[in-house]
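# Chain and residue survey
The residues making up each chain are set out below.
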Amino acid sequence: MMNMDYAALAGLWIIWCAIHSGMIWTTVTDAARRRLRGKFRFYRLFYNLIAILTVIPVILYGRSLHSPVLFRWDGFLIVLQVFLLAVALLLFLAGARHYDLRQFLGLRQIRTGASHGTLTATGGLHTTGILRLTRHPWYLGAILLLWAGDLSVSTLIGNIILTLYLIVGTVLEERKLVLEFGDDYRRYQAQVSMLFPLKYLAAKIRQFDHKSTRKSNQVAGHSELE
């Protein structure tokens, strides 16, 4: 019986992800823009409200299963948990310096009637600050937040589906950004990682190795002169 309950939970999460993603497909938003015209400025707010209202029953159903705990942050692991939560918070705060919260909520669109592909106030491409480490700090923060809590069977199912959804959603958003910004965004992609800052870390390691090699060569050169 529980297996059927878990399958139902997985199905509900998949349906929620499909609704949440489908509402912002370019085909859907373009059609909504043509049909709603001036009222389209309310679309982002409506989208957010639907996302909240539809996710609540999924969360409540998952909690009602009272599934056993598989993993609990305890002992010295609490230090790692706090670290993950701190990093997630920093990603959200640092991202907020470039993203416009009113644009994200849909309030700016209501006031101005303008809708941008990015979450910046002007709709321009920002590549400074935290965006030099990761192209999507809020998505990365959301993933870290998902996995920073205790894991039961229900939460594990939700976490896996939502993590995959965030990754796939990020890839789809990248395609829209390439269409919007062209070569500028392609160059940005080549320099900065999509989520985890691997390119940034690799560049720092190469820079450290280069400095170490240059210092070793200088020391060797002085030794030969002596």
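Every value quoted in this text rests on a predicted model; they were computed, and no experiment measured them. (Residues numbered from 1 in each chain as written. Predicted model: local features only at pLDDT ≥ 70, side-chain atom pairs only at ≥ 80, totals over all residues. Heavy atoms only, no water.)

### A look at the overall build of the protein chain
Check the secondary structure of the protein chain and you find 10 helices and two strands. Overall, the protein chain shows an N-to-C arrangement of helices and strands of α-α-α-β-α-α-α-α-β-α-α-α. In the form shown here, the protein chain has an accessible surface area of approximately 14500 Å², with 67% of it arising from carbon and sulfur atoms. (Helix = DSSP H or I, 4+ residues; strand = E, 2+ residues; numbered from the N terminus. Areas by Shrake-Rupley, 256 points an atom, 1.4 Å probe, with all protein chains shown as cover.)

### Focus on the nonpolar core
Leu84, Leu91, Leu131, Leu140, Leu144, Tyr185 and Tyr188 are the most contacted members of the largest nonpolar core, which totals 20 residues. Not counting the four nearest positions on each side in its chain, Leu91 is found in contact with Ile130, Thr134, Pro137, Trp138, Leu140, Gly141 and Leu144. Formed by 15 residues, the second largest nonpolar core is a distinct cluster that contains Tyr6, Leu9, Ala10 and Cys17. (Core = buried A, V, L, I, M, F, W, Y, C linked by side-chain atoms within 4.5 Å. Buried < 20%, exposed > 50% of the residue type's maximum accessible area, 1.4 Å probe, protein only. Contact = heavy atoms within 4.5 Å.)

### Section: unusual backbone geometry
Positive phi, normally seen in glycine, also occurs at Arg37, with a value near 55°. Locating Arg37 in the fold gives a position in the loop between α2 (26-36) and α3 (43-64). Arg37 sits in the exposed class, given a relative accessible area of 68%. The phi dihedral of His66 falls on the positive side, at around 50°, and the residue is not glycine. Structurally, the position occupied by His66 is in the loop between α3 and β1 (69-71).

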